[in-house]
Each structure stands twice: as structure tokens, then as C-alpha cells.
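Chain by chain, the residues run as shown.
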Amino acid sequence: GGGGEGSARAARAAAARARLDAARLDAARAGVAGFGAGADEAPPHEEQEPVPDEYTCPISCELMQDPVLTVDGHTYERCAIERWLAMHDTSPKTGATLESKALIPNHGLRSMIRAFQQAAAASGSA
């Protein structure tokens with residue numbers, strides 16, 4: 001039976017994303033001089049607040065750096081929605097046809113994300 005294939009595939013994909021995230025974290029740490037000095041301390045990522053869903057792109061599932069609105073009012077990471085719109089004329093969230101492929105910068109959300117990142121960085125360095 002193939003009933004479990006989808007969930008197994010999803011689990012493998014999640015594990016791969018976790019490994020990629022860990023590799024990115026390791027690379028980021030390697031770039032910080034003297035990071036290993038407090039090796040017995042808990043890793044900072046365990047103490048950070050989880051990223052709010054509204055700060056995460058529904059396409060890439062990553063924290064947005066350049067959030068933009070589509071004409072139907074949904075927000076996405078600019079590069080992710082541009083790739084989507086290159087091949088579709090529908091909303092990735094609703095499937096409804098978009099009246100326009102215009103993208104509007106979501107400055108308010110960008111400011112909130114930057115404040116969240118700064119707060120996370122400050123709490124991680126304390």
C-alpha cells in the first residue's frame with residue numbers, strides 16, 4: 001500500500017529542511033569570532049521565540065526579508081511570489097485568478113519583521 005508514502009515523503013523533506021537549517025546555523029556560527037568560547041552554554045536558537053506565522057512566506061516557509069502584497073491582499077516573499085507569478089496567474093493561497101500581477105511592498109510588515117529580528121539578536125547575545 002502507498003498510503004504512507006506522502007507522509008514519509010513529507011517527513012523526509014522536513015528532516016532535510018532541518019539539516020539545512022542546522023548547516024546554515026553552523027555556517028553562521030563559524031563566521032563569528034570566538035563563538036566556541038562558551039561551548040557548554042545552551043545554543044541561542046533554543047531560547048529564541050518562534051517566528052510568528054505572519055512573518056513567514058506561505059510559499060517558501062521562510063522568514064520574509066522583502067514582503068510584498070498581491071492584489072488579493074495576501075503577503076509573500078518577493079522572490080517567491082515573482083517565481084510563482086512567472087508561471088501562474090492565480091493566488092497561491094486561494095487559487096483564485098488574480099486581476100493583476102502587481103506587487104505592493106508591505107512596509108509595515110517589513111518593519112515588524114526587522115524589529116522581531118533585532119529583538120531576537122539582542123536576546124541571543126545577552
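Residues numbered from 1 in each chain as written. Predicted model: local features only at pLDDT ≥ 70, side-chain atom pairs only at ≥ 80, totals over all residues. Heavy atoms only, no water.

Q: Would you mind going over the overall build of the chain with me for this structure?
A: In terms of regular secondary structure, the chain is built from three helices and three strands. When the helices and strands of the chain are read in sequence order from the N terminus, they spell out α-β-β-α-β-α. For the chain, the proportion of its 126 residues judged to be buried stands at 17%. A fraction of 41% describes how many contacts in the chain between residues 6 or more apart in sequence connect residues 24 or more apart. With the model as given, the accessible surface of the chain reaches about 8600 Å², and the carbon-plus-sulfur share is 55%. (Helix = DSSP H or I, 4+ residues; strand = E, 2+ residues; numbered from the N terminus. Buried < 20%, exposed > 50% of the residue type's maximum accessible area, 1.4 Å probe, protein only. Contact = heavy atoms within 4.5 Å. Areas by Shrake-Rupley, 256 points an atom, 1.4 Å probe, with all protein chains shown as cover.)

Q: Looking at this model, I keep getting lost on the side chain of Glu77. Mind explaining?
A: Secondary-structure assignment places Glu77 in strand S2 (residues 75-77). Notably, Glu77 is buried but unbridged: the nearest opposite-charge side chain belongs to Arg78, and the N-O separation is 6.9 Å. Among the polar contacts made by the side chain of Glu77, one reaches the main-chain amide nitrogen of Gln65 at a distance of 2.6 Å. A distance of 3.1 Å separates a polar side-chain atom of Glu77 from the backbone nitrogen of Asp66. Ignoring any residue separated from it by four or fewer positions in sequence, one finds Glu77 in contact with Cys57, Leu63, Met64, Gln65, Asp66 and Pro67. (Lys, Arg positive; Asp, Glu negative; His and termini not counted. Salt bridge = Lys/Arg side-chain N within 4 Å of Asp/Glu carboxyl O. Polar contact = N/O pair within 3.5 Å; in protein donor to acceptor, adjacent residues only side chain to side chain.)

Q: How should the pattern of salt bridges be read in this particular structure?
A: Side chains carrying opposite charge are able to pair once their charged atoms draw close together. Summed over all chains, the structure comprises two salt bridges. In this structure, Asp66 engages Arg78 in a salt bridge whose closest nitrogen and oxygen atoms are separated by 2.7 Å. Separated by 12 residues along the polypeptide, Asp66 in the loop between helix H1 (5-30) and strand S1 (67-69) and Arg78 in helix H2 (residues 78-87) bring together distant segments of the chain. The salt bridge involving Arg110 is made with Asp66; its shortest N-O contact spans 2.4 Å. Here Asp66 lies in the loop between H1 and S1 and Arg110 lies in helix H3 (residues 107-125), a separation of 44 residues in the sequence. Via salt bridges that share partners, Asp66, Arg78 and Arg110 belong to a single interconnected network.

Q: Quick question: what am I supposed to make of H2 here?
A: An α-helical turn contains 3.6 residues, so a residue and the one three or four places further along point in the same direction. Buried residues of H2: Ala80, Ile81 and Leu85, and no others. Down the axis, H2 shows its buried residues gathered within 125° of arc, on one side only. Seen from the buried face of H2, the exposed residues on the opposite side, beyond 90 degrees, are Arg83, Ala86 and Met87. Those residues of H2 that are buried are in contact with S1 and S2. (Arc of directions from axis to C-beta.)

Q: In this structure, what is going on with the side chain of Thr70? I would like to understand it.
A: Within the secondary structure, Thr70 is located in the loop between S1 and S2. Classification of Thr70 by relative accessible area gives buried; the value is 4%. Residues contacting Thr70, with those up to four places away along its chain left out, are Tyr76, Ile81, Ala102 and Leu103.

Q: Explain the nonpolar core here, please?
A: Across soluble globular proteins, nonpolar side chains have a tendency to be buried as a group. Counting residues in each nonpolar core, the largest one holds 12 residues, listed as Tyr55, Cys57, Met64, Val68, Tyr76, Ala80, Ile81, Leu85, Leu98, Leu109, Ile113 and Phe116. Looking at this core, the elements with two or more residues in it are H2 and H3. When near neighbours in sequence (up to four residues on either side) are disregarded, Tyr76 contacts Cys57, Pro58, Ile59, Met64, Asp66, Pro67, Val68, Thr70, Ile81, Ser91, Pro92 and Lys93. (Core = buried A, V, L, I, M, F, W, Y, C linked by side-chain atoms within 4.5 Å.)

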